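# Descriptive analysis of the structure
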Amino acid sequence: GAVVSQHPSRVICKSGTSVKIECRSLDFQATTMFWYRQFPKQSLMLMATSNEGSKATYEQGVEKDKFLINHASLTLSTLTVTSAHPEDSSFYICSAIPGTPYEQYFGPGTRLTVT
Amino acid sequence: AQSVTQLGSHVSVSEGALVLLRCNYSSSVPPYLFWYVQYPNQGLQLLLKYTSAATLVKGINGFEAEFKKSETSFHLTKPSAHMSDAAEYFCAVSEGDKIIFGKGTRLHILP
C-alpha cells in the first residue's frame, strides 16, 4: 500500500516552454502532498506544500509564479515549470501523506532536462 | 527548527562487514526520526522510523537504528553489508507535516 506515482519519469524540453509533472497517490487519499527538488549528489530541498482545494505554500526562495502547483483532487497534484530554463533542470520528487502522522511516501521522481 | 546532521558524505564498507551510518538530530521537542534510502534515479524508500515507541527500531532489508536521547543520535546499522545496499541514505526529522532531510551519506560496498 501507500504507492505514489509520478509522470513523466523523464522529460526533455526546450528553453522557454512549460512542463507539467503529475503526482498521484494510487491507493490512498492525500490531503497534503509535497514537492521537492534534488540537485545532483545533493539532498532533497522542499519546494512547496500542496493542500487539496487550496493554494500551495511555498518555501522561502521558491518562485511561485515559476513553479505552479495545483492540487485539484485528493489523489492528484501537479507541478508546472513555466518558461523553463536550463537552470531548472533537476530531479523533482513528490510525496504524499496517507494519513499516518509524520510519514511521507515518495514518488519515483521526474528527471527534467531543459535544453 | 529541527535539523539533522549526517556525519560522512561517503562511507565504504566491505561486503559482509558492519554498516554504520551516523545521524545526529537537533530538536526542541521529542522528534520523529526517519531513515530513507535512495537508489540512482529513483525516489526515496522508507527504511525505518522512530515515533517515540521502542528506542531500537527495526526496518526493512536488515537495517535497524537506535534512538539515543542522551546523545541526540539515531545511527543506522546493519550487521552484514550486501552489494545491493550500495545507495544514498538520508536521515530525516519531522517538523509538523514537513520532513527535514540531512545531506545524505553515500554507502559504497567493496567486494
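Before any of the text, the structure's been laid out above.
To keep things clear, this report deals only with the structure shown in the data block. Source: prediction; values computed, not measured.

### Focus: the overall build of chain A
When its secondary structure is counted, chain A shows zero helices and eleven strands. Starting at the N terminus and ending at the C terminus, chain A contains elements arranged as β-β-β-β-β-β-β-β-β-β-β. The globule rule puts the C-alpha radius of gyration for 115 residues at 13 Å, and the 13 Å found for chain A is close to it. With the C-alpha coordinates aligned to their principal axes, the bounding extent of chain A is approximately 40 × 25 × 20 Å. For chain A, the proportion of its 115 residues judged to be buried stands at 50%. Within chain A, contacts between residues separated by at least 24 positions form 53% of all contacts whose residues are at least 6 apart in sequence. Put simply, chain A shows about 5500 Å² of open surface, and 51% of that area lies on carbon and sulfur atoms. Side-chain charges of chain A comprise 10 positive and 9 negative groups, with the mean position of each set lying 8 Å from the other.

### Let's talk about the sheet that holds strand β8 (residues 73-78) of chain B
Residues and elements named next belong to chain B. Pairing is antiparallel across the open sheet formed by five strands, whose spatial order is β1-β3-β8-β7-β6. Bordering the open sheet on either side are β1 (3-7) and β6 (56-58), each of which pairs with just one other strand. Ignoring which end each strand starts from, the neighbouring axes of this sheet average 20° apart.

### Quick look at the pairing of strand β9 (residues 90-96) of chain A
Residue and element names in this part refer to chain A. Burial runs high along β9: seven of the seven residues are buried. The side-chain alternation of β9 yields two buried faces, one formed by Ser-90, Tyr-92, Cys-94 and Ala-96 and the other by Phe-91, Ile-93 and Ser-95. Of the strand pairs in this sheet, strand β4 (residues 32-38) and β9 are connected by six bridges, and their pairing is antiparallel. Considered in β9, the bridge of Arg-37 is made with Tyr-92. One ladder, built from two bridges, connects β9 with strand β10 (residues 105-106); its direction is antiparallel. Directly across from Ser-95, in β10, lies its bridge partner Phe-106.

### Let's talk about the state of the cysteines
One pass over the structure, following the stated rule, counts two disulfides over all chains. Across a sulfur-sulfur distance of 2.0 Å, A:Cys23 and A:Cys94 are joined as a disulfide pair. Taking the sign of the S-S torsion, about 80° here, the bridge from A:Cys23 to A:Cys94 comes out right-handed. Pair noted here: A:Cys23 is in strand β3 (residues 19-25) and A:Cys94 is in strand β9, with a separation of 71 residues, a long-range link. Both residues of the pair, A:Cys23 and A:Cys94, belong to the buried class. Bridging B:Cys23 to B:Cys91, the disulfide has an S-S length of 1.9 Å.

### A look at the packing of aromatic side chains
Under the counting rule described, the total for this entry stands at twelve aromatic pairs over all chains. Between the aromatic rings of A:Tyr36 and A:Phe106, the centroid separation amounts to 5.6 Å while the plane-to-plane angle is 45°, which identifies the pairing as tilted. On the criterion of sequence distance, the pair formed by A:Tyr36 in strand β4 and A:Phe106 in strand β10 is long-range, its members being 70 residues apart. A:Phe106 carries the same exposure label as A:Tyr36, and that label is buried. Measuring from ring centre to ring centre gives 5.6 Å for B:Tyr25 and B:Phe67, while their planes differ by 20°; the resulting arrangement is stacked. Of the two residues, B:Tyr25 is situated in strand β3 (residues 19-26) and B:Phe67 in strand β7 (residues 64-68); the sequence distance between them amounts to 42 residues. The burial state of B:Tyr25 is the same as that of B:Phe67; both residues are buried. By the ring-pair criterion, three or more aromatic residues cluster together here, those being A:Tyr36, A:Phe106, B:Phe34, B:Tyr36, B:Phe90 and B:Phe101.

Reading the values: rules and limits
Residues numbered from 1 in each chain as written. Chains lettered and ligands numbered in written order. Predicted model: local features only at pLDDT ≥ 70, side-chain atom pairs only at ≥ 80, totals over all residues. Heavy atoms only, no water. Helix = DSSP H or I, 4+ residues; strand = E, 2+ residues; numbered from the N terminus. Rg over C-alpha atoms; globule rule 2.2 N^0.38 Å. Buried < 20%, exposed > 50% of the residue type's maximum accessible area, 1.4 Å probe, protein only. Contact = heavy atoms within 4.5 Å. Areas by Shrake-Rupley, 256 points an atom, 1.4 Å probe, with all protein chains shown as cover. Lys, Arg positive; Asp, Glu negative; His and termini not counted. Charge placed at Lys NZ, Arg CZ, Asp CG, Glu CD. Pairing = 2+ DSSP bridges. Axes fitted to C-alpha atoms, helices over the stretch in contact; angles between N-to-C directions. Disulfide = S-S within 2.5 Å. Phe/Tyr/Trp six-rings, centres within 6.5 Å; stacked < 30°, edge-to-face > 60°.

Spatial relationships are all this shows, so hold off on functional conclusions.
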